[in-house]
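In case you want the letters, here they are:
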Amino acid sequence: MTVMEQRGAYRPTPPPAWQPRTDPAPLLPDALPHRVLGTEAAERVDPDLLRRLYAELVRGRRYNAQATALTKQGRLAVYPSSTGQEACEVAAALVLEERDWLFPSYRDTLAAVARGLDPVKALTLLRGDWHTGYDPHEHRVAPLCTPLATQLPHAVGLAHAARLKGDDVVALALVGDGGTSEGDFHEALNFAAVWQAPVVFLVQNNGFAISVPLAKQTAAPSLAHKAVGYGMPGRLVDGNDAAAVHEVLSEAIAHARGGGGPTLVEAVTYRMEAHTNADDDKRYRGDAEVEAWRAHDPIALLEHELTERGLLDEAGMQAAREDAEAMAADLRERMNQDPVLDPMDLFAHVYAQPTTQLLEQEAQLQAELDAEARHHGDEPEGAAR
Amino acid sequence: MTTVAVKPATMAQALGRALRDAMADDPAVHVMGEDVGTLGGVFRVTDGLAKEFGEDRVTDTPLAEAGILGTAVGMAMYGLRPVVEMQFDAFAYPAFEQLISHVARMRNRTRGAMPLPITIRVPYGGGIGGVEHHSDSSEAYYMATPGLHVVTPATVADAYGLLRAAIASDDPVVFLEPKRLYWSKDSWNPDEPQTVEPIGRAVVRRSGRSATLITYGPSVPVCLEAAEAARAEGWDLEVVDLRSLVPFDDETVSASVRRTGRAVVVHESGSFGGPGGEIAARVTERCFHYLEAPVLRVAGFDIPYPPPMLERHHLPGVDRILDAVARLQWEAES
């Protein structure tokens, strides 16, 4: 059977032969978000994985703090922090195989970094010296996507193409709660299910689309419930429980890799910082809510589990903090250097071959740069580079 | 025109043959869209492809244009060369965000690391009696988006040659197919397709000395007809078929206008903000001292596309073209 010959089962017949629709219950998410930490299930998780998740969470929290600090120093134009959402970001990165692909949104630089991408390259978009600061093929991380949910059909197409080629590749696409209202969310999930594409959608439901709370975004019983309408399983998970997110994503990815098709995972989490450094979250939420979520902090949850079970001691915590501090120091130092800009790059990658019109405009800019350089008494090359 | 006596072929057949040959030559080429598989497309351009290449390469997609183009982006990211069909011009609008924010920019965004060789076939233009949303000339939207090539054939040979070139291009190409020329015929041998000028070159379809008609796609045959009719008035008109709006062939267009000294741009698209304004400006910038008269535009009116029973009043026809030619300040000649 070819890839496209696999089809869904819904084929209405004329009325006399109407069959009752099968119960979609197996597709419905659990009533409560899946949890691992603090439950018996935690004891089944590989301790090394828990320690690895912990180290990455600590790094991730420090990375978020450093990036936010860089906005205050004018080194980043803007930074949408994932503080509070590190469990989702880190689990998404760790759960993938080398050959798999990650499709991040602009809030997911941490997931890209945890996958191995150089943080300076990950932050290029937000520094503003170019759009995508990395070759997506290097770590199989698609460009950070700004128009919400528009990266989801890309993930579906890539996963579908890999399957057509017979490659054992899964795509994991990240989106927020606000993004689930976009048409591209709907179209991506529908295409994925119809094509049985090996793709997993992770919705980080952090409670807000900038200022708009979830209640104004959807009337669904949960975002995971939306999966049922497409004919794929929906999973609901505690997005601050790194072990639980890792487990649910692992199962969804194994399901996709085995030919079972896509899964929609909703991770319930909370954005602890404002939307970006340019936002004022005091206008739309109270301290009490933020503090209530602080008591369910992803690092604290995992730290508690590890220390209770004797899997982590003060020295281990110190080592994680030092590792994170070294990463932050290196990031700070490299981000404090002015990026090297070449204005002529503006014309370098518009088309494979520039049009004659672009060549004319390129010459115009070069002449302007040369005039600027003469004005400053420099060599022309000095101004251009 | 070839002199070898071969069976006439329609533009739709030549387009289908181009898809077939591209698929046979390159396993990365995939065709996808609404009704392109079992049905062979509403204009039958993809007829027979699903049977020959199978559903995995000729795919009836769900009915969702953003999803079609968005998934094509992902497929191109993985090394495939998707050819997507938008069923009608106005049905392509849901895909605009994918087109403008991703297809057109991905090469630039990634400094060339992730080019997207996607061909987007769009049947466009009026004159087929289509009801609302089936006759738009949407080329100005595409032209205004850097990163896209915008190509449109007017002959059977070009339909084949330009579509092959579009599919082979490493840049995304919006390939606008003039609906009312789908059934136009020409002697064309599918087994020995002529080579045509590459994308980016305009072609002089008719040489003349009096004035240049600058046109493309569905208006090319109308301009050729107008040029014939103009002989009775004593005008010898040159007709330039642009073939590609992006890249734009300033060289061929300017050379023609410098020879004739007069120019009229003809297209179905509206006048205000339409391609003709850009073309007239480019011609004026380059040929000012050769011009005997202002560059005129004969275009569709600046109205929503009319209902089919009124469309003949909207579409540029021979008479309107000749009226424009008459206004090219011939008094100065005598």
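Residues numbered from 1 in each chain as written. Chains lettered and ligands numbered in written order. Predicted model: local features only at pLDDT ≥ 70, side-chain atom pairs only at ≥ 80, totals over all residues.

Asker: Please clarify how the overall build of chain B should be interpreted in this entry.
Answerer: Per the secondary structure count, chain B includes 12 helices and 14 strands. Taking 2.2 N^0.38 as the reference for a compact globule, 334 residues should give roughly 20 Å; the C-alpha atoms of chain B span a radius of gyration of 20 Å, in line with that estimate. Counting only C-alpha atoms, chain B reaches 65 × 45 × 40 Å along its principal axes. When each of the 334 residues of chain B is scored for burial, the buried share is 57%. (Helix = DSSP H or I, 4+ residues; strand = E, 2+ residues; numbered from the N terminus. Rg over C-alpha atoms; globule rule 2.2 N^0.38 Å. Buried ≥ 20, exposed ≤ 12 C-beta atoms within 10 Å, placed from the backbone.)

Asker: How should helix α12 (residues 318-326) of chain B be read in this particular structure?
Answerer: Structural remark: α-helix, 3.6 residues per turn; residues separated by three or four positions point the same way. All names here are of chain B. All of the buried residues in α12 are I321, L322 and V325. Projection of α12 onto a plane perpendicular to its axis shows the buried side chains occupying an angular sector of 95°, all on one side. Those residues of α12 that are exposed and aimed more than 90 degrees away from the buried face are D319 and A326. Packing partners of the buried residues in α12 comprise β10 (211-215), α8 (219-230), β11 (237-241), β13 (263-270) and β14 (296-300). (Arc of directions from axis to C-beta. Contact = placed C-beta atoms within 7 Å.)

Asker: Can you walk me through the packing of helix α1 (residues 47-72) of chain A against helix α10 (residues 242-257) of chain A in this structure?
Answerer: The relative placement of two packed helices is expressed as an angle between their axes plus a distance between the axes. Residues and elements named next belong to chain A. Packing of α1 against α10 brings their axes to within 10 Å, and their N-to-C directions diverge by 115°. Taken together, the axes of α1 and α10 are roughly perpendicular relative to one another. Relative to α10, the crossing made by α1 is right-handed. Contacts between α1 and α10 involve L49, L50, L53 and L57 from the first element and A242, A243 and H246 from the second. Its residues assigned to classes, the contact of α1 with α10 comprises six nonpolar, one polar and no charged. (Axes fitted to C-alpha atoms, helices over the stretch in contact; angles between N-to-C directions. Parallel < 35°, antiparallel > 145°, perpendicular 65-115°, else oblique. Left-handed = near helix turned anticlockwise from the far one by under 90°. Nonpolar A, V, L, I, M, F, W, Y, C, P; charged D, E, K, R; others polar.)

Asker: Can you help me understand the interface of chain B and chain A in this one?
Answerer: The extent of an interface is frequently quoted as the accessible surface area lost upon association of the parts. Contact residues are listed per partner, giving 37 residues for chain B and 37 residues for chain A. Contributions of two or more residues to the side of chain B that touches chain A are made by α3 (65-77), α4 (96-103) and α5 (106-109) of chain B. Ranked by residue count, the leading element in the side of chain B that touches chain A is α3 of chain B, at nine residues. Residue composition of the side of chain B that touches chain A, grouped by class: 15 nonpolar, 13 polar and nine charged.

Asker: I keep staring at unusual backbone geometry and nothing clicks. Help me out?
Answerer: Comment: phi is negative for the bulk of residues other than glycine, and the bulk of peptide bonds are trans. The omega torsion across V246 of chain B and P247 of chain B is -5°, close enough to zero to call that bond cis. For P247 of chain B, the location among the structural elements is in the loop between β12 (244-246) and α9 (250-260). One non-glycine residue, R140 of chain A, lies in positive phi territory at about 55°. Inspection of the secondary structure puts R140 of chain A in the loop between α6 (136-139) and α7 (151-164). Here the phi dihedral of Q196 of chain A falls at roughly 50°; this positive angle occurs in a residue that is not glycine. Following the sequence through the fold, Q196 of chain A ends up in the loop between α8 (183-195) and β3 (199-205).

Asker: Would you mind going over the sheet that holds β13 of chain B with me for this structure?
Answerer: Hydrogen bonds along the backbone pair up the strands of a sheet, which may run parallel or antiparallel. Residue and element names in this part refer to chain B. Spatial strand order, β9-β11-β10-β13-β14: five strands in an open sheet with mixed pairing. Each end of this open sheet is capped by a strand with a single partner; those strands are β9 (203-206) and β14. Pairwise comparison of adjacent strand axes, ignoring direction, gives a mean angle of 25° for this sheet. Each of β10, β13 and β14 touches helix α10 (residues 275-287); the most contacted strand, β13, lies at about 160° to it. (Pairing = 2+ DSSP bridges.)

Asker: I keep staring at the domain arrangement of chain B and nothing clicks. Help me out?
Answerer: All names here are of chain B. Under the domain assignment, chain B is made up of domain 1 (8-187) and domain 2 (203-328). Distance between the C-alpha centres of domain 1 and domain 2: 26 Å. At the interface, 26 residues of domain 1 touch 22 residues of domain 2. Residue assignment for the side of domain 1 that touches domain 2 shows that the elements contributing at least two residues are α6 (139-143), β6 (149-151), α7 (156-168) and β7 (173-178). Looking at the side of domain 1 that touches domain 2 residue by residue, the classes come out as 12 nonpolar, nine polar and five charged. (Domains from an automatic or database assignment.)

Asker: Explanation requested: the sheet that holds strand β2 (residues 29-33) of chain B in the structure shown.
Answerer: Residues and elements named next belong to chain B. As summarised here, the arrangement of the seven strands in space is β3-β2-β4-β5-β7-β6-β12, forming an open sheet in which the pairing is mixed. Looking along the sheet, the strands with just one partner apiece sit at the ends: β3 (58-60) and β12. When strand polarity is set aside, the average angle formed by the axes of neighbouring strands in this sheet is 20°. Sheet topology places strand β4 (residues 81-85) next to strand β5 (residues 119-124); three bridges connect them, and they run parallel.

Asker: Help me understand the pairing of β11 of chain B, please; the structure alone is not making it clear to me.
Answerer: A regular strand places its side chains so that they alternate between the two faces of the sheet. All names here are of chain B. Within β11, five of the five residues are buried, which leaves the element mostly enclosed by the surrounding structure. Burial along β11 is two-sided: L237, V239 and D241 and E238 and V240, pointing in opposite directions, are all buried. Direction of pairing for β9 relative to β11: antiparallel, over a ladder of three bridges. Within the sheet, the bridge partner assigned to R206 lies in β11 and is V239. The handedness of the β10 to β11 crossover, carried by α8, is right-handed. (Right-handed = clockwise from strand over helix to strand, strands pointing away.)

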